[in-house]
Amino acid sequence: IFNTATVIGPHGCLLDKHRKMHLFDVDIPGGIHFHESESLTAGDQITVLSGLDDPLETGLAKPPNLGLQICYDIRFPELSLLMQQQLNCHVMACPAGFSTTTGPLHWHLVMRARAVDTQCFVLACCSARPPEGSHDYPSYGHSMVVDPWGRILAEAGIGEEVVHAELDLDQIAAARAAIPTGRQRRADVYRLTPSST
């Protein structure tokens, strides 16, 4: 059993899927015991849907490549950097379930950091918070869209909400030209390489 995110095209066809690679297993003394690996299997594929032939029917001359991650995956910058550096990702989508414990500390920070690290747009969807007094999982909410500069373009509150944002894809090239980390990495000293398995 995998935790799986899907991309469904405008005509209802499955275009791609991502199986969560990093399972959240934690044991906090005096706190929670939470092991996703007790019920889930980790995926082992990096997922970037090519914009070639415009599968999302954007109508753009150069449709963006869309990377997929799920929740805990986004905390591993190496994964995001591989998606950007080797698979030319432009937009990353990350459905997540950050809690009211981790959300206030890390939600905005992590999503903005991944956008800046990769100079990509990040579309971050976190489940809405359950009603007060509910015993359901305490989701943080605050779904948002972050641009390649780390600016939050749109953000939801804690309840169910649809978030709209217009992505100016020219900002990807502008950010990468202004802060040229892609050209200035020291491959003679360090590099990221995907696993051969």
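The present account deals with the structure reproduced in this document. (Residues numbered from 1 in each chain as written. Predicted model: local features only at pLDDT ≥ 70, side-chain atom pairs only at ≥ 80, totals over all residues. Heavy atoms only, no water.)

**Quick look at the pattern of salt bridges**
Thinking step 1. Counted under the stated rule, the structure contains 4 salt bridges.
Thinking step 2. Here K20 ties to E36 by a salt bridge, and the two come within 2.8 Å at their closest N and O atoms. One end of the pair, K20, is in the loop between β2 (14-19) and β3 (25-27); the other, E36, is in the loop between β4 (33-35) and β5 (47-49), with 16 residues separating them in the sequence. A single burial state applies to K20 and to E36, both of which are buried.
Thinking step 3. Among the salt bridges present, the one from R186 reaches D188, with a minimum N-O distance of 2.8 Å. (Salt bridge = Lys/Arg side-chain N within 4 Å of Asp/Glu carboxyl O. Helix = DSSP H or I, 4+ residues; strand = E, 2+ residues; numbered from the N terminus. Buried < 20%, exposed > 50% of the residue type's maximum accessible area, 1.4 Å probe, protein only.)

**Some words on the state of the cysteines**
Thinking step 1. For the structure on display, the rule yields 0 disulfides.
Thinking step 2. The cysteine C94 is free of any disulfide, with C71 supplying the nearest cysteine sulfur at 6.4 Å. (Disulfide = S-S within 2.5 Å.)

**Some thoughts on the environment of I179**
Thinking step 1. By the secondary structure assignment, I179 is in the loop between α3 (170-178) and α4 (181-184).
Thinking step 2. In this structure I179 comes out as partly exposed when scored by relative accessible area, which is 45%.
Thinking step 3. Separated by 32 residues in the primary sequence, I179 and D147 have C-alpha atoms spaced 14 Å apart.

In short, geometric facts, not functional conclusions.
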